[in-house]
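# Coordinate analysis (summary)
Listed here are the chains, written in short residue letters.
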Amino acid sequence: MTQFMRNSDAFTWAMESDPRLRSTVVSVVLLDRSPDWNQVRERFDLISRKLPMFRQRVVASPPPAPPRWEYDRDFDLDYHIRRAATPVAGTLNDVLEMARLAEMQDFDRARALWETTLIDGLEDGGAAVICKFHHALTDGIGGVQIAMNLFNLSEEAYEDEPLPPEPEVSRPPRLSGYRDTWRYNIRLLDSALTAGAKWAPRLVYDSVRRPAATIRSAAATGASVYRTVRPIRRTGSPLITSRGLIRRLGVHQVPMPPLREAAHQCGGALNDAFVAGVAGGLRRYHEKHGVAVDDLHLTMPISLRTKVDEMGGNRITLMRFDVPVGEADPAARIRAIHQRTGAVRDERSLPYTQLIAGVLNLVPRWYIGSVLRHVDFLASDVPGVPVPVFLGGAPVRAQYAFGPTIGSSVNVTLLTYVDTCALGINVDTAAIPDYDVFHHAIVASFDELLALAS
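What you see is a predicted model; the values in this text were computed from it and never measured.

### Focus on the overall build of the protein chain
Scanning the protein chain from N- to C-terminus turns up 13 helices and 15 strands. Taking all 454 residues of the protein chain together, 51% fall into the buried category. Once local pairs closer than 6 in sequence are excluded, the contacts in the protein chain between residues at least 24 apart make up 79%. Of the roughly 21,100 Å² of accessible surface on the protein chain, 56% is carried by carbon and sulfur atoms.

### As for unusual backbone geometry
Even without a glycine there, the phi angle at Asp 124 is positive, about 60°. Here the phi dihedral of Ile 406 falls at roughly 45°; this positive angle occurs in a residue that is not glycine. Along the chain, Ile 406 turns up in the loop between strand S13 (394-402) and strand S14 (410-417).

### Here's the deal with the sheet that holds strand S2 (residues 24-31)
Taken in spatial order, the six strands line up as S5-S6-S7-S2-S13-S12 in an open sheet, and their pairing is mixed. In this open sheet, the two strands that pair with only one neighbour each are strand S5 (81-90) and strand S12 (390-391). As paired elements, S12 and S13 share two bridges and run antiparallel to each other. Bridging across to S13, Leu 391 finds its partner in Ala 394. The strands touched by helix H4 (residues 92-104) are S2, S5, strand S6 (114-122), strand S7 (127-134) and S13; relative to S2, the strand with the most contacts, the crossing angle is about 160°.

### Topic: the packing of aromatic side chains
Going through the model one piece at a time under the given rule, you end up with three aromatic pairs. A centroid spacing of 5.4 Å and a plane angle of 45° characterise the contact between Phe 54 and Trp 114, whose relative ring orientation is tilted. On the criterion of sequence distance, the pair formed by Phe 54 in the loop between helix H2 (37-50) and strand S3 (56-59) and Trp 114 in strand S6 is long-range, its members being 60 residues apart. For the pair Phe 54 and Trp 114, a shared accessibility class is recorded, and that class is buried. Between Tyr 285 and Phe 438, the ring centres sit 5.7 Å apart and the planes meet at 80°, which makes this aromatic pair edge-to-face. On the criterion of sequence distance, the pair formed by Tyr 285 in helix H9 (residues 270-288) and Phe 438 in helix H13 (residues 435-451) is long-range, its members being 153 residues apart. Summarising the burial analysis for this pair, Tyr 285 and Phe 438 share the class buried. For Arg 109, the ring lying beneath its charged end belongs to Trp 13, and the centroid distance is 3.8 Å.

### Section: the pairing of strand S15 (residues 420-428)
Where burial is concerned, most of S15 is hidden: nine out of the nine residues are buried. Looking at chain direction, strand S8 (residues 247-255) and S15 are connected through nine bridges and run antiparallel. Bridge pairing in S15 places Gln 253 opposite Ala 422. As defined by bridge partners, S14 adjoins S15 across eight bridges and the pair is classed as antiparallel. Note that in S15 the partner of Val 410 across the bridge is Val 427. Hairpin connection between S14 and S15: a loop of two residues separates the two successive antiparallel strands, and Val 418 in this loop has a positive phi of roughly 55°.

### Re the sheet that holds strand S4 (residues 68-71)
Taken together, three strands build an open sheet; the order of strands is S1-S4-S3 and the sheet is antiparallel. Sheet topology places strand S1 (3-4) and S3 at the edges, where each strand pairs with a single neighbour. Pairing of S3 with S4 involves four bridges; the strand directions are antiparallel. Bridge pairing in S4 links Val 58 to Trp 69.

### Let's talk about helix H1 (residues 7-14)
Counted residue by residue, H1 has seven buried out of eight residues, so it is predominantly covered. Turning to H1, its buried residues are Asn 7, Ser 8, Asp 9, Ala 10, Phe 11, Thr 12 and Trp 13.

### Side note on the pattern of salt bridges
For the structure on display, the rule yields 23 salt bridges. Asp 78 serves as the salt-bridge partner of Arg 41, at 2.9 Å between the closest nitrogen and oxygen. With a gap of 37 residues between them, Arg 41 in helix H2 and Asp 78 in helix H3 (residues 77-80) connect regions that are remote in the sequence. A relative accessible area of 28% places Arg 41 in the partly exposed class. Relative accessible area serves as the criterion here: at 41%, Asp 78 is assigned to the partly exposed category.

Basis of the calculations
Residues numbered from 1 in each chain as written. Predicted model: local features only at pLDDT ≥ 70, side-chain atom pairs only at ≥ 80, totals over all residues. Heavy atoms only, no water. Helix = DSSP H or I, 4+ residues; strand = E, 2+ residues; numbered from the N terminus. Buried < 20%, exposed > 50% of the residue type's maximum accessible area, 1.4 Å probe, protein only. Contact = heavy atoms within 4.5 Å. Areas by Shrake-Rupley, 256 points an atom, 1.4 Å probe, with all protein chains shown as cover. Pairing = 2+ DSSP bridges. Axes fitted to C-alpha atoms, helices over the stretch in contact; angles between N-to-C directions. Phe/Tyr/Trp six-rings, centres within 6.5 Å; stacked < 30°, edge-to-face > 60°. Lys NZ or Arg CZ within 6 Å of the ring centre and 35° of its normal. Salt bridge = Lys/Arg side-chain N within 4 Å of Asp/Glu carboxyl O.

Honestly, that's just the spatial picture; any functional story needs more than this.
Okay, here's the thing in structure tokens:
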């Protein structure tokens, strides 16, 4: 049976006609030593057989259906997993430079949308793995689920696990795309009619019995949907307004226990302190340039993943709202962000994410691009692996994730590993040309937050 892209994934896929809006995710895993290559390759082979999309490519469908996933008849595991070595003892900066180039390069859209490179020859005998994948394959939490199938809890060899058979790939019959699209559209129409038949009597009943409450509820839902899709015609920042194609990657580590304690002392959660730290860094960056700043537009992923969802896959929606970047008091900033993120997580529009994305797929791409390029920054908090793990017998020293900017000036992604918050910073250099100044501002902001816990 043909599997079509979810509307939200089809939306991100289509908007990549503007390369500034690509949804490429890059992660970096640092190892104490070089892993057993054969074991690593075997684990990726296993994952590619467990998760169909790791052996599938995206194929266009006749309108109005979304693109569909189709097995790549020429799938070659050794194209997607490779080895490289630095000419001299490499450093973290060398690894980040390779990750930066990978982040800026588009995928070969005739193949599966992921690539992995093992880098040997780092200083102190270390190694690194750079994983690149399209957001349609998985979100952050799904990526951690996949990682737990890749990692091991000890240096010992992985337990024997028989490889599932490779999927049988046959050439689809002629005109099958049109036939599947027709079936998709019929199912879509049937679902709409079924939903209408289910809810129409209830709506009429409520309208007669409680007309005022029904009108208020419908108005509240409509307002929530508008907040989700409302156009943003200009950036909140008067400074970081340009957008380009060049990226700069950086990292910073923050101990998790004191950051979480600082959040709790201010009535917030870890994510609130994280967003407050990024916001504080942006405020300091503006101050360095002598520019006043108030609220800025933030896009934050909200996970819709449930316990019954399969491993991998993209189960997030992107919510936009304003945060008080201009607030100098870190405690007040955490409290304000906690209040605003709480309101976003309770938005009535969340259950209608796929329906909204389906409507947006009909909107001209230039309009969507003009909206996204006016978002100031992205911040994403991903709960990672809580215990030390190993890859091919090599201890994992650290992990970083670099989310796409999707038209914003910077994306800062927090990925936890054991008791460390690893920040992956992905900067659009057209918006923030002086990366070192920005990085120092981010570090100073998180140091200020950590002082709240002392």
